[in-house]
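# A look at the structure
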Amino acid sequence: MSESAGESTPSSPLGASPKRIFSTGTLRYTTFGLAVAFIWLLWGDFIWTLLDGNLPNILPLKLKDMGASDTMMVFVNKTIAYGIIFFLAPLVSFSSDRYRSRWGRRIPFLFWSTPFVGLFLVLIGCYDDLTQFAIGDRQDLAILGWHFSRAAVTLGVFAAILVGFDFANIFVNTIYWYLFNDVVPRQYLSRFLSLFRMTGILAGMAYNYWIMPISLSHFKIVFVVGGIVYVVGFMLMCIFLREGRYPPPPENVDRKTGLISSIKTFAKECFTHRFYWYFFLVSTFFFVSWQAGQVFQILRNRDSLHLTLAQLGMLGVYTAPVSFALQYPAGWLADKYNPIRVYFWITFVCFLSGACQLVWAFTDFGTAGNLTAMYVVSFIFMPFGALQGAAEIPMYMRLLPRERYGQYCAAMVMVRYGAMIFGSFLSGLFMQYLADMPKSDYYVGTGGITVSSACKEAVAWHEEEVGPWKVVYGNDRSENGTITVPGATAVKVCFSEVKTEPGFDHLTTDADIYDDWSGEFLEASSGRKTGDTVRLALTSGLYVTSGGKLVVRNASNASSTGFIVAKVAWQGAKTGPVTRSGALWETSKAKFQLSGRVTRKVGKDDVGLPGVVVSFAGAKPGVVVPAPVLSDAHGNWACDGFDNGLAVKVSLARADIGGRWTLPAPEGEFTRDAADIKTSAAWTPDPNAKWTVEDVGDLPEHGAFRTWAGKYFFWLGMGLSKDLVPWTVEYANRWDRTGTITVPGAAAVKVIFGTLKTEPGWDHLIADGSPAIDWSGSFDGDNNSAASGDTMTLRLTSGIYAKSGGSPVVRLPSNMFDVKFTIVKVAYLGKRTGPITRSGSLWDVNPKNFELSGNVGGGTPTVGAKVSFIPLKSGDAAPPAVLTDARGNWVQSGFVELTHYRIEVSKSEPGEKWDFGKTTMGDWRYRWYPVWAVFFQVFALFFLVLLYREWKKLGGAESYVPPAA
């Protein structure tokens with residue numbers, strides 16, 4: 001292809017208007033033809049940016065949530081891809097430069113690779129289905145004697161799909177960029193690439209607004225639909241875009257053909273002139289500085305700065321219109337003043353943008369302050385970044401030989417990714433080093449802290465038969481008991497039988513290794529408890545939450561709970577007999593508990609009825625009975641203190657506004673043998689009661705501007721012109737908070753949710769309506785429970801662990817970001833006499849005083865470790881020390897934002913030595929990734945100066961010709 005490109009006005013018949021003709025190589029465009037070519041190129045960019053350019057950015061979060069370490073995450077997500085590009089990009093680019101066909105030299109490569117890129121996007125979304133297909137329901141897999149957990153197999157499947165995606169995507173990610181240099185007139189390159197970036201911004205806005213907030217919660221559907229749309233959209237561009245004709249490809253340096261000759265040609269032409277080495281090194285050091293830390297940027301923003309995906313998405317939406325408006329003026333300036341000169345000077349200004357990111361390594365502004373600071377930095381450097389971006393690719397196209405542009409870009413890629421193969425891996429090691437490094441200046445605004453520990457036993461165990469001591473449970477209660485071996489330094493108990501009902505009953509001991517039996521076991525042995533006494537607790541419940549639904553226990557199963565202690569083991573010297581004590585062992589008590597459940601029919605189901613007054617009276621005069629109790633949110637009630645052997649009468653009462661309750665009185669008299677009373681109830685709504693429904697929410701800042709923008713400019717408003725922003729709660733830590741919604745003057749209140757997202761088993765949102773609703777999982781729609789009176793109370797509990805198959809499952813800190821719900825409407829009975837309001841700690845998602853939690857022991861939980869908090873600045877207050885529980889977890893509240901603490905862990909036991917590992921930095925380490933970036937940018941600026949000087953020597957803007965090898 002000829003190097004010349006320009007525009008001309010051909011002669012025309014007398015009276016006819018001359019047409020402007022734009023040329024590049026053998027291509028000739030009218031104004032309309034050039035516009036059509038631009039439209040198809042920009043369409044391809046929109047599809048590429050929306051799906052290929054944005055979707056993979058969520059993969060670091062997905063890998064992190066799957067349990068991948070920092071090093072493995074970078075290796076799977078970056079290092080392997082860099083290795084593939086390093087070896088294949090030169091081959092693909094060299095072949096494309098010299099390929100000739102009726103469809104051109106670039107489009108055939110794009111056309112045949114696009115379906116495979118889309119296929120692997122679909123497979124990424126279906127990774128879990130592929131794992132299920134490969135190993136079924138198995139939780140572990142043995143291959144050649146090696147055992148792999150299901151999580152490891154899933155991670156392996158995910159990594160294999162990513163490798164396939166990287167292989168397919170290399171064609172698009174290289175050759176697509178060469179196409180512009182072949183089909184766009186040179187004098188319009190900067191302006192075209194400005195339009196190119198503007199299209200990318202629109203695609204990014206669409207992704208940030210609609211896709212990013214749901215990219216993890218709807219991971220499968222996002223990638224499946226994305227893969228299909230990608231194939232259709234990109235194939236359309238390949239079909240309708242046309243390339244010109246090219247001159248015969250140049251001969252190889254030794255005038256031969258074949259792979260060896262091509263390698264010689266590639267090496268000699270690309271790597272034997274210092275000018276190109278300066279160019280490669282500038283590009284490489286900037287690329288390393290950006291890519292090696294990019295994988296940690298979103299982790300920093302989410303896990304360390306505590307910004308939600310929705311907030312990060314909206315940051316992109318709000319900044320994008322400004323960036324969009326700057327693009328074309330920046331392209332015009334780059335074309336006017338030469339992109340090489342513009343890029344050189346503006347890059348020194350943009351260097352300060354990365355340096356500003358270091359502020360978060362040394363301080364914190366709180367969640368709201370962090371978001372504000374991110375907006376400030378983004379807007380300050382946005383004009384300079386737009387100008388640098390407008391000049392960068394045109395600079396490449398002016399510096400490199402046009403007929404071999406792909407070849408030199410591939411050489412640049414080889415140097416780039418050769419460095420990145422090691423750079424990305426080293427960046428992972430750098431982050432892992434920070435994770436393992438002791439940190440006295442720990443900033444408690446981050447997630448959980450994990451401290452590993454090990455104990456070396458130095459004393460032998462002794463064993464003695466006891467009892468056997470048998471406990472049989474016949475009711476729903478919770479009792480404690482102890483077993484003591486005087487003089488012992490540590491104690492264990494050995495059961496010959498444990499029989500509990502899974503989910504309802506839990507037999508626990510306060511041993512160092514947490515014991516929790518739920519089910520049937522023979523010859524079970526507890527963990528070691530330091531000291532001469534081990535405590536046992538048996539909790540027997542009325543109901544349990546299973547899969548987000550309430551499961552009520554059958555009364556007949558309540559009598560099957562029990563255990564037998566047959567042996568006791570101890571360390572040290574026993575100085576007295578082994579004894580037991582406590583209410584747990586008192587199986588025949590003089591007093592007993594009476595419990596029951598009040599229900600009403602909803603369809604075929606019995607639904608618990610809360611707020612019923614349960615009163616008691618003696619069957620005979622003079623019998624003293626306990627005070628009345630209320631049924632709880634699930635209709636259950638329980639009352640202690642009844643005299644054994646005396647009959648008791650039970651009566652029920654409840655009144656509601658807006659309807660009428662019918663509560664048949666239970667028949668007969670009840671004694672200890674009546675462990676469970678079920679009373680049905682019916683509710684007849686008042687036919688004259690009408691519910692009023694109103695939208696609720698907060699007015700957004702600058703609401704008038706957004707309304708105007710959304711009305712007249714969709715791309716600027718992006719749907720943000722709504723008058724009310726729904727009341728939204730999002731939380732990123734373990735918590736238990738309540739809030740109220742009040743409609744003054746109302747007789748009853750309901751709330752209507754737009755979204756409700758909690759993690760099943762861990763999180764529970766409970767409404768105090770009739771009946772009380774307990775959500776655990778993701779739901780859409782309204783709250784069917786109506787709270788009597790003008791106020792509805794909501795309680796959201798987010799746990800650090802849950803029960804799974806009888807064993808406690810510890811929650812990963814990365815999973816604590818799924819708690820979210822929005823309230824869009826409120827319905828009420830009666831007449832409203834004031835505005836609808838909300839109050840309570842539930843709505844305070846960014847409190848100044850907050851909670852911090854952690855774990856000691858990791859895979860081997862350490863109970864009873866002392867966790868202390870020492871402020872680094874004199875005068876600052878610190879919460880008191882706490883002890884780890886039976887699972888090694890600890891939690892403490894009262895931490896103050898912007899205050900530094902040192903975290904200390906200690907434990908002392910007779911006859912044993914505890915060694916604690918280094919306290920991790922938690923997610924604070926991700927704040928240090930800009931150090932990596934700035935370090936390499938300094939080298940990039942050095943070689944940029946050398947490259948600019950060499951360009952000036954070769955003629956500069958007036959007479960520059962790319963140097964020959």
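See the structure printed just above.
Here's a quick rundown of the structure. Everything numeric here is computed off the predicted structure, so don't read it as measured data.

## Let's talk about the packing of helix α4 (residues 107-125) against helix α8 (residues 219-240)
One way to put it is that α4 packs onto α8 with a least axis distance of 7 Å and a crossing angle of 170 degrees. Relative to α8, the element α4 is oriented roughly antiparallel. Among the residues making up the contact of α4 with α8, the classes are represented as 19 nonpolar, five polar and one charged.

## Quick notes on the packing of aromatic side chains
The description of an aromatic ring pair uses the distance of the two centres, along with the angle that the planes make with each other. Inspection of every chain in the model, using the stated rule, returns 46 aromatic pairs. Geometrically, the ring pair formed by Tyr 176 and Phe 180 is edge-to-face, given 5.1 Å between the ring centres and 75 degrees between the ring planes. With a gap of four residues between them, Tyr 176 and Phe 180 both fall in helix α6 (residues 150-183), about one helical turn apart. Classification of Tyr 176 by relative accessible area gives buried; the value is 0%. Each ring, one from Phe 344 and one from Tyr 948, has its centre 4.0 Å from the other, and the planes form 10 degrees; the classification is stacked. In this pair, Phe 344 is assigned in helix α12 (residues 339-356) and Tyr 948 in helix α18 (residues 929-953), connecting sequence segments 604 residues apart. In this structure, Phe 344 and Tyr 948 share a single accessibility class: buried. Following the ring pairs from residue to residue traces out a cluster consisting of Phe 38, Trp 48, Tyr 176, Trp 177, Phe 180, Phe 192, Tyr 230 and Phe 234. Over the ring of Tyr 337 we find Lys 336, and its NZ or CZ is 5.6 Å from the ring centre. Above the plane of the ring of Trp 691 lies Lys 750, whose end atom (NZ or CZ) is 4.6 Å from the centre.

## Quick word on a nonpolar patch on the surface
Together, Trp 43, Ile 228, Val 232, Leu 236, Ile 239 and Phe 240 give the surface a local cluster of nonpolar side chains, amounting to about 540 Å² of exposed area. At five residues, the largest contribution of residues to the nonpolar patch is made by α8. Tracing the chain through its elements places Phe 240 in helix α8.

## Focus on the pattern of salt bridges
Note that side chains of opposite charge can pair when their charged atoms are close. Tallied over the entire structure, the rule returns 12 salt bridges. Note that Arg 105 and Asp 182 form a salt bridge whose closest N and O atoms lie 3.0 Å from each other. Of this pair, Arg 105 sits in the loop between α3 (70-98) and α4 while Asp 182 sits in helix α6, and the two are 77 residues apart along the sequence. Residue classification places Arg 105 among the buried residues on the basis of a relative accessible area of 2%. Residue Asp 695 pairs with Lys 825 through a salt bridge whose shortest N-O separation is 2.5 Å. Of this pair, Asp 695 sits in strand β29 (residues 692-695) while Lys 825 is found in strand β40 (residues 819-830), placing the two residues 130 residues apart along the sequence. The class for Lys 825 is partly exposed, based on a relative accessible area of 31%. Because the salt bridges share partners, they merge into one network encompassing Asp 97, Arg 105, Arg 106 and Asp 182.

## Overview of unusual backbone geometry
A negative phi angle is the norm for most residues apart from glycine, just as the trans form is the norm for most peptide bonds. Of the consecutive residues Gly 467 and Pro 468, the connecting peptide bond is found in the cis state with omega at 5 degrees. Not every positive phi belongs to a glycine, and Arg 255 is a case in point at roughly 60 degrees. On the secondary structure map, Arg 255 appears in the loop between α8 and α9 (259-271). The backbone of Asn 338 shows a phi angle near 80 degrees, a positive value even though the residue is not glycine. Looking at the element boundaries, Asn 338 is found in the loop between α11 (309-337) and α12. By relative accessible area, Asn 338 is classed as buried at 7%.

## A few points about the sheet that holds strand β16 (residues 533-540)
If you trace the five strands from one edge of the open sheet to the other, you get β13-β12-β16-β10-β20, paired in antiparallel fashion. Each having just a single partner strand, β13 (515-517) and β20 (579-581) make up the two edges of the open sheet. The mean angle between the axes of side-by-side strands here comes to 20 degrees, regardless of whether they run parallel or antiparallel. Two elements, strand β12 (residues 505-509) and β13, share three bridges in a ladder whose sense is antiparallel. Counted as the bridge partner of Thr 509 is Asp 515 from β13.

Here is what the cut-offs are and how they apply
- Residues numbered from 1 in each chain as written.
- Predicted model: local features only at pLDDT ≥ 70, side-chain atom pairs only at ≥ 80, totals over all residues.
- Heavy atoms only, no water.
- Axes fitted to C-alpha atoms, helices over the stretch in contact; angles between N-to-C directions.
- Helix = DSSP H or I, 4+ residues; strand = E, 2+ residues; numbered from the N terminus.
- Parallel < 35°, antiparallel > 145°, perpendicular 65-115°, else oblique.
- Nonpolar A, V, L, I, M, F, W, Y, C, P; charged D, E, K, R; others polar.
- Phe/Tyr/Trp six-rings, centres within 6.5 Å; stacked < 30°, edge-to-face > 60°.
- Buried < 20%, exposed > 50% of the residue type's maximum accessible area, 1.4 Å probe, protein only.
- Lys NZ or Arg CZ within 6 Å of the ring centre and 35° of its normal.
- Patch = residues over 30% accessible without salt bridge, like charges linked within 9 Å, V, L, I, M, F, W, Y side chains within 5 Å.
- Areas by Shrake-Rupley, 256 points an atom, 1.4 Å probe, with all protein chains shown as cover.
- Salt bridge = Lys/Arg side-chain N within 4 Å of Asp/Glu carboxyl O.
- Pairing = 2+ DSSP bridges.

Don't take any of this as a statement about function, it's just geometry.
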